[in-house]
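An overview of the molecular structure
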Amino acid sequence: MGETIQSVERAAAILRLLASGPRRLGVAELARALGLPKGTLHGILRTLVHVGFVEQDEASGKYRLGATLLHLGTSYLDVNELRTRAINWADALAGRSRESAWIGTLHEGHVLVIHHVFRPDDSLQTLQVGTYLPTHASALGKVLLAHDPYGEALDRPLEPYTKHTIVDPAALEEELDLVRTRGWAGETEELTEGEVAIAAPIKDPRGLVVGAIGIRGAVERLAPGGALHMEFVSYVRDAARAITRSLEHP
Amino acid sequence: MPTPHYVAAIDQGTTSSRCIVFDQAGNIISVAQREHRQIFPKPGWVEHDAGEIWEAVQGVLAEAVGGAGIGDGRIAALGITNQRETTVLWERATGRPVCPAIVWQDTRTAPLTRALAEHEGLFRERAGLPLATYFSGPKIRWLLDETPGLRERAERGEVLFGTMDSWLLWNLTGRHVTDVTNASRTMLMNLRTLAWDDDLLAALGVPRAMLPEIRPSAEVYGHTPDGVPVASALGDQQAALFGQTCFAPGETKSTYGSGSFLLMNTGQEPVASKHGLLTTVGYQIGDGPATYALEGSIAVTGSLVQWLRDNLGLISSAAEIETLARTVDDNGGCYFVPAFSGLFAPHWRSDARGVIAGLTGFVTKGHIARAVLEATAWQTREVVDAMNADSGLDLTTLRADGGMTANNLLMQTLADVLAVPVIRPMVAETTALGAAYAAGLATGYWPDLDSLRANWHKAAEWRPAIDEAAREHGYHSWKKAVARTLDWAEQ
């Protein structure tokens, strides 16, 4: 094992101590228990309060574990929960855009389709929930890649699906930068000839991207003349923001 | 460019009142919602304050219409759908309720319904209903018996009765009317004549002078003070049938909430049930003939998932049932019959209590989660079989709505056990949509039923994916599990 960082070890010791009982602890008690000077403790506690791992009681000045820390291990958002919260907004997106609506999450380097609303034209369509899409060749995937905190989804060659698929890693990085800057992703005949898609990120209350929502349809409808119709982009972004808000206020 | 017009629907439900504004394509433009108090004065008693509900309705109406920036004169019609059977009595002179409203869930009339047992055949034959505490008639009788002087005032027409539709129509338009679907839940209306029936009134001891005029579900009843035509009233389950555009005989909708309600359109003749369903009016548009429906209710579906969450703690949110169920491939031989307060349609056995059958050392919480979802599917199958047998019609697709339609595994299981496709429509708010459709039809906002059908779109479809042998094996096991629930509670 290499070198360890002393202040992190001390922070961990404080958290363990605060977690050991229901009682709030003051600086003097912590200093005594840990054998550290109060001044050192103040600095670490201030930092822990700042990140929300520790809370200070205003009246007594004593400390206890913060709500952020308590939620840290249990904040994973179940995909079925995400579908339940998003279902009305996905219906509205399909209704407004007259295209099929899709929600995806990242799963082992692929986009897992967790929700699919048919295009409202009563044509024969098959439910695609549970299928996978490639990340680099789909709008949903680009949104998820652009906001993937682990960044590990890119560790393999980029397979071409059409002649428009982005296969150069540098070009993909550039595209993901654009997705982050604009707040949405486009896909122009990169997965299927004649098909266009748009997607935007769904965020949890911590601001982490937990999924992407988008629409998919024929190039003649969504991008007549070659350029994506911005009206459709705003429908998708509105839906993404509405779902993000509904995750904040269950 | 002509000013776009919208239709608004008030959905006066058991726990809250909502107002939803729709456009011509059936898209939701705005929503407002307010809850009201549930009053539990004694075990088994459930009351609402009708005055509080009227205030909530005024609030949501103003908010959904005004708050959405929809100006005056842009609402083409207002429709009403409501919790059914809940009973309000008020004073004609002042419009003030004379007592708390008795809610459909309230069971205070249990002794009274037992005392009325000699008339059971009459209620079945004329009203299409079993003798049960839900319906309004016994609730009115209880209030007249228990409140000194009330019967005399009711006989003089000074005190009026209404279900929630009637109470809202009185306040909105000043008229004392109700619609046929709500009237069909009172045990006082003759299903064939669509009029109050003297024999039923006599059996229940309810004076005619206190009853509203029975009108079709869609016609202009009057206007709000702002001049908006109030043009529909439908009980909530009937409104969902209409919102799902089940206009042809055999078309069936199922709403999945805490409990579930299946309604099958049976056309223009009431079908008497021999299989434990009840007969009700589906809707009546203007002076057209009434369309009837068979109704089957299942007491425990979504609430079983909540039970798994709240009482067993196996999941932390209702949606996680699907995640847990997908950790295994099948039910592991386990069947869960949630007869928590007896079995409803088609069994009607109050002596039944819940069982988990087929337990072995192999069974995990994942298998139990599967069995929980399958319980909703098999209970639906039993009601559908009863409907097919009573109506002579065969279900060809099931139109599902309600919160549980977000559960893909449940929807697939339903398609598997029913052996028909299950379809979720694009607009999940089928109840409010049905009231809006009926109001829009009455005012010419929509020209005909075909224009409403054109608005209905599939959002998703699940097709049967198991073979007949597997289906029959599962159903056989389910029936064995059901048999094991019977004769448990001793009454």
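Here the structure is a predicted model, which is why all the values come from computation and not from measurement. (Residues numbered from 1 in each chain as written. Chains lettered and ligands numbered in written order. Predicted model: local features only at pLDDT ≥ 70, side-chain atom pairs only at ≥ 80, totals over all residues. Heavy atoms only, no water.)

1. Let's talk about the interface of chain B and chain A
The partner chain A presents 24 residues to the 22 residues of chain B that form the contact. Around 1700 Å² of area is buried between chain B and chain A when both sides are counted, 48% of it from carbon and sulfur atoms. Counting the surface chain B buries against chain A, the share from its top three residues, Ala406, Met426 and His457 of chain B, is 28%. The interface formed by chain B and chain A holds two salt bridges in total. The partner of arginine 424 of chain B in a salt bridge is aspartate 91 of chain A, and the shortest N-O contact between them spans 2.9 Å. Inspection of the region where chain B meets chain A yields eleven residue pairs in polar contact (both at pLDDT 80 or more). Elements with a minimum of two residues in the side of chain B that touches chain A: α11 (320-325), β22 (422-425) and β23 (458-462) of chain B. Broken down by element, the residue count for the side of chain B that touches chain A peaks at five residues, all from β23 of chain B. Among the residues making up the side of chain B that touches chain A, the classes are represented as nine nonpolar, six polar and seven charged. (Contact = heavy atoms within 4.5 Å. Buried area = accessible area lost by both parts, 1.4 Å probe. Salt bridge = Lys/Arg side-chain N within 4 Å of Asp/Glu carboxyl O. Polar contact = N/O pair within 3.5 Å; in protein donor to acceptor, adjacent residues only side chain to side chain. Helix = DSSP H or I, 4+ residues; strand = E, 2+ residues; numbered from the N terminus. Nonpolar A, V, L, I, M, F, W, Y, C, P; charged D, E, K, R; others polar.)

2. A short note on the sheet that holds strand β1 (residues 6-12) of chain B
Residue and element names in this part refer to chain B. Read across the sheet, six strands follow the order β3-β2-β1-β5-β14-β13 without closing on themselves; strand pairing throughout is mixed. Only two strands of the sheet have a single partner each, and these edge strands are β3 (28-35) and β13 (218-223). On average, each strand axis in the sheet is inclined to that of its neighbour by 25°, with strand direction left out of account. Pairing between strand β2 (residues 16-22) and β3: seven bridges, direction antiparallel. The partner of isoleucine 20 across the bridge, within β3, is valine 31. (Pairing = 2+ DSSP bridges. Axes fitted to C-alpha atoms, helices over the stretch in contact; angles between N-to-C directions.)

3. Observations regarding the pairing of strand β15 (residues 252-256) of chain B
Residue and element names in this part refer to chain B. With five of five residues buried, β15 is to be regarded as a mostly interior element. Pairing of β15 with strand β16 (residues 260-267) involves five bridges; the strand directions are antiparallel. Within the sheet, the bridge partner assigned to tyrosine 256 lies in β16 and is serine 260. Here β15 folds back onto β16 in antiparallel fashion, the turn holding three residues. Across four bridges, the pairing between β15 and strand β21 (residues 398-401) is parallel. Across the sheet, residue threonine 255 finds its bridge partner in β21, namely aspartate 401. (Buried < 20%, exposed > 50% of the residue type's maximum accessible area, 1.4 Å probe, protein only.)

4. Some details on helix α1 (residues 50-66) of chain B
All names here are of chain B. Across its 17 residues, α1 extends 24 Å between first and last C-alpha, which sits within 8% of the 24 Å expected from 1.5 Å per residue. Among all positions of α1, only Ala50, Ile53, Trp54, Ala56, Val57, Gly59, Val60, Leu61, Ala64 and Val65 are buried. The opening residue of α1 is aspartate 49, an N-cap whose side-chain oxygen sits 2.8 Å from the backbone nitrogen of glycine 51. (Expected span 1.5 Å × (residues − 1).)

5. Observations regarding the UniProt feature "domain: Carbohydrate kinase FGGY C-terminal" (unreviewed entry) in chain B
Under the feature "domain: Carbohydrate kinase FGGY C-terminal" (unreviewed entry), the UniProt entry names residues 254-442 of chain B. End C-alpha to end C-alpha, residues 254-442 of chain B measures 26 Å, and it is 35% helix and 21% strand. (UniProt positions renumbered as here; feature names shortened; annotations may be inferred.)

6. Section: the packing of aromatic side chains
All names here are of chain B. Counted by the stated rule, this structure contains 16 aromatic pairs over all chains. With a centroid separation of 6.2 Å and 80° between ring planes, the pair formed by phenylalanine 247 and tyrosine 283 is classed as edge-to-face. One end of the pair, phenylalanine 247, is in the loop between α9 (236-243) and β15; the other, tyrosine 283, is in strand β17 (residues 278-283), with 36 residues separating them in the sequence. Grouping residues by exposure puts phenylalanine 247 and tyrosine 283 together as buried. Each ring, one from tryptophan 307 and one from phenylalanine 340, has its centre 5.3 Å from the other, and the planes form 50°; the classification is tilted. With a gap of 33 residues between them, tryptophan 307 in helix α10 (residues 302-310) and phenylalanine 340 in the loop between β19 (335-337) and β20 (355-357) connect regions that are remote in the sequence. Residue tryptophan 307 is classed as partly exposed on the basis of its relative accessible area of 24%. (Phe/Tyr/Trp six-rings, centres within 6.5 Å; stacked < 30°, edge-to-face > 60°.)

7. Some words on the UniProt feature "binding site: sn-glycerol 3-phosphate" (unreviewed entry) in chain B
Residue and element names in this part refer to chain B. With numbering matched to this structure, UniProt assigns "binding site: sn-glycerol 3-phosphate" (unreviewed entry) to Thr14, Arg84, Glu85, Tyr134 and Asp236. Tracing the backbone through its elements, the reader meets threonine 14 in the loop between β1 and β2. Take threonine 14: its relative accessible area is 16%, and that puts it in the buried class. With respect to the helices and strands, tyrosine 134 occurs in the loop between α3 (120-127) and α4 (136-146). Leave out the neighbours within four places in its chain, and tyrosine 134 touches Glu85, Trp104, Lys139 and Phe344.

8. Section: the domain arrangement of chain B
Residues and elements named next belong to chain B. Each assigned domain of chain B is listed here: domain 1 (6-215) and domain 2 (245-490). The C-alpha-based centres of domain 1 and domain 2 are spaced at 26 Å. In this structure, the connection of domain 1 to domain 2 is made through four salt bridges. Note that arginine 18 is salt-bridged to glutamate 429, the shortest N-O span being 2.5 Å. The tally of links between domain 1 and domain 2 comes to twelve residue pairs in polar contact (both at pLDDT 80 or more). Listing elements by their share of the side of domain 1 that touches domain 2, those giving two or more residues are β1, β2, β5 (75-82), α3 and α7 (180-183). The biggest single contributor to the side of domain 1 that touches domain 2 is β5, with six residues. Residue composition of the side of domain 1 that touches domain 2, by class: 20 nonpolar, seven polar and seven charged. (Domains from an automatic or database assignment.)

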